[in-house]
Structure formats: C-alpha cells, structure tokens
Amino acid sequence: ADVARSGDRLLMAMYALGFAGPAAEAEVRRLLGDPVAGSQAQLWLIQRGYDDETALPPEVLLDVMIETLAEMTDAEGSDPVLEYLVTLGPEAEQVRVVEDMRRARHPRTSELLAAIGRDSQSKVVAKAARKTLFQREGRLLH
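Cut-offs and rules
Residues numbered from 1 in each chain as written. Predicted model: local features only at pLDDT ≥ 70, side-chain atom pairs only at ≥ 80, totals over all residues. Heavy atoms only, no water. Helix = DSSP H or I, 4+ residues; strand = E, 2+ residues; numbered from the N terminus. Rg over C-alpha atoms; globule rule 2.2 N^0.38 Å. Buried < 20%, exposed > 50% of the residue type's maximum accessible area, 1.4 Å probe, protein only. Contact = heavy atoms within 4.5 Å. Areas by Shrake-Rupley, 256 points an atom, 1.4 Å probe, with all protein chains shown as cover. Lys, Arg positive; Asp, Glu negative; His and termini not counted. Charge placed at Lys NZ, Arg CZ, Asp CG, Glu CD. Salt bridge = Lys/Arg side-chain N within 4 Å of Asp/Glu carboxyl O. Expected span 1.5 Å × (residues − 1).

Enquirer: Just checking my understanding: could you explain the overall build of the chain for this structure?
Expert: On a plain count of helices and strands, the chain comes out with nine helices and zero strands. Compactness check: the chain gives a C-alpha radius of gyration of 16 Å against a globular reference of 14 Å for 142 residues, within 12% of the reference. Here the C-alpha coordinates of the chain stretch approximately 50 × 35 × 25 Å along the principal axes. The burial tally for the chain puts 42% of its 142 residues in the buried class. At a minimum sequence separation of 6, the contacts of the chain that also span at least 24 residues come to 58%. When the accessible surface of the chain is split by element, carbon and sulfur atoms take 56% of a total near 8000 Å². Of the side chains in the chain, 17 bear a positive and 23 a negative charge, and the two mean positions are spaced by 6 Å.

Enquirer: Could you clarify how one ought to interpret the pattern of salt bridges in this entry?
Expert: Close approach of charged atoms allows side chains with opposite charge to pair. In total, this model carries eleven salt bridges according to the counting rule given. The partner of Arg 29 in a salt bridge is Glu 25, with the nearest N and O atoms 3.0 Å apart. Placement of both Arg 29 and Glu 25 in helix α3 (residues 24–30) is noted, with a separation of four residues, approximately one turn of the helix. Given a relative accessible area of 30%, Arg 29 falls into the partly exposed group. Arg 108 is paired through a salt bridge with Asp 74; the nearest N and O atoms lie 2.6 Å apart. Residue Arg 108 is located in the loop between α7 (91–100) and α8 (109–119), and its partner Asp 74 is located in helix α5 (residues 58–76); the two are separated by 34 residues in the primary sequence. Under the relative-accessibility criterion, Asp 74 is labelled exposed at 52%. Look at the salt bridges and you will find they share partners, linking Asp 2, Arg 5, Glu 27 and Arg 30 into a network.

Enquirer: Explain α5 here, please?
Expert: Three or four residues apart is the spacing at which side chains of an α-helix point the same way, because the helix has 3.6 residues per turn. Here α5 spans 27 Å end to end across 19 residues, near enough to the 27 Å set by a 1.5 Å rise per residue. Turning to α5, its buried residues are Val 60, Leu 62, Asp 63, Val 64, Met 65, Ile 66, Glu 67, Leu 69, Ala 70, Glu 71 and Thr 73. Tucked into the core, α5 has its buried residues touching α2 (10–17), α4 (37–47), α6 (79–87), α7 and α8. Of the residues flanking the end of α5, it is Gly 77, one or two places downstream, whose phi is positive at about 80 degrees.

Enquirer: Please explain the environment of Met 12 as it appears in this structure.
Expert: Tracing the sequence through the fold places Met 12 in helix α2. Put simply, Met 12 and His 106 are 94 residues apart on the chain and 18 Å apart in space, counted from C-alpha to C-alpha.

Okay, here's the thing in structure tokens:
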C-alpha cells in the first residue's frame, strides 16, 4: 500500500495487494482518496467483490487507462501508447478517446496528450491530442 501511495510502480503494487488476502481491503480503502492510486483502488475493490461495479464512475476507468499508459511510457516510451490507440479502431474512435482524456483527473494526462500530439503517425489524432491538451491546460489554469 505504501508503494501504491508513492505512485511508483502503482500497477505492480495493486497486483501484489491481491495476494495479501482480506486484510488488504482496509489498506486499499485508505487509497481511495489518493489522486493517483484512488482509481486503481476503486477498481481493485470492485474486481474482488468488496464493492459493487455500479459504483464505478466512467472517470475512474479513464484514470486507470491513463495510469496504465503512463507506466508503459515509463518502460518503453510513447510507442505502446500509440499502438494502444491504433487498437481502438479507426481514427474517429482514437480521436474520441483522446478528447475524453480532457476530463481525466490523473496528473499524467497532459504528459500523455503531449506525447500523442508529438509522436502519433496520424495527423488527425495528433491534432486532436494537441487541441485537447490546450483545452485541458486552459481549464486547469482557471
């Protein structure tokens, strides 16, 4: 739980908590208010039957996706993020996901949008990422 709170190797820490048994539930619940680990904690509780999946707001899934992509960029650069976007389907679907990232609460969202805007082979997706980043940062300033 301390590793999850630190934000370092969050996905690995949450995975490891799955082996701690029922005692881990209390530790994971303490993570719910954390800006980085909170979404992963909520998903962890639902996956293990401690909470009802109807309590999962869409922004939690968005934050989980961003955390996963952020950890992938730490290990391998922006290529896995770009490859993930391509698996979503046509450019229109990729643009929709990129635009949805404007609502994300995760602190690394802007970093990912910048990487997509800079490195995407699709001009349409790259432009959408740059536009979303601009809108997101404008909103964060207010």
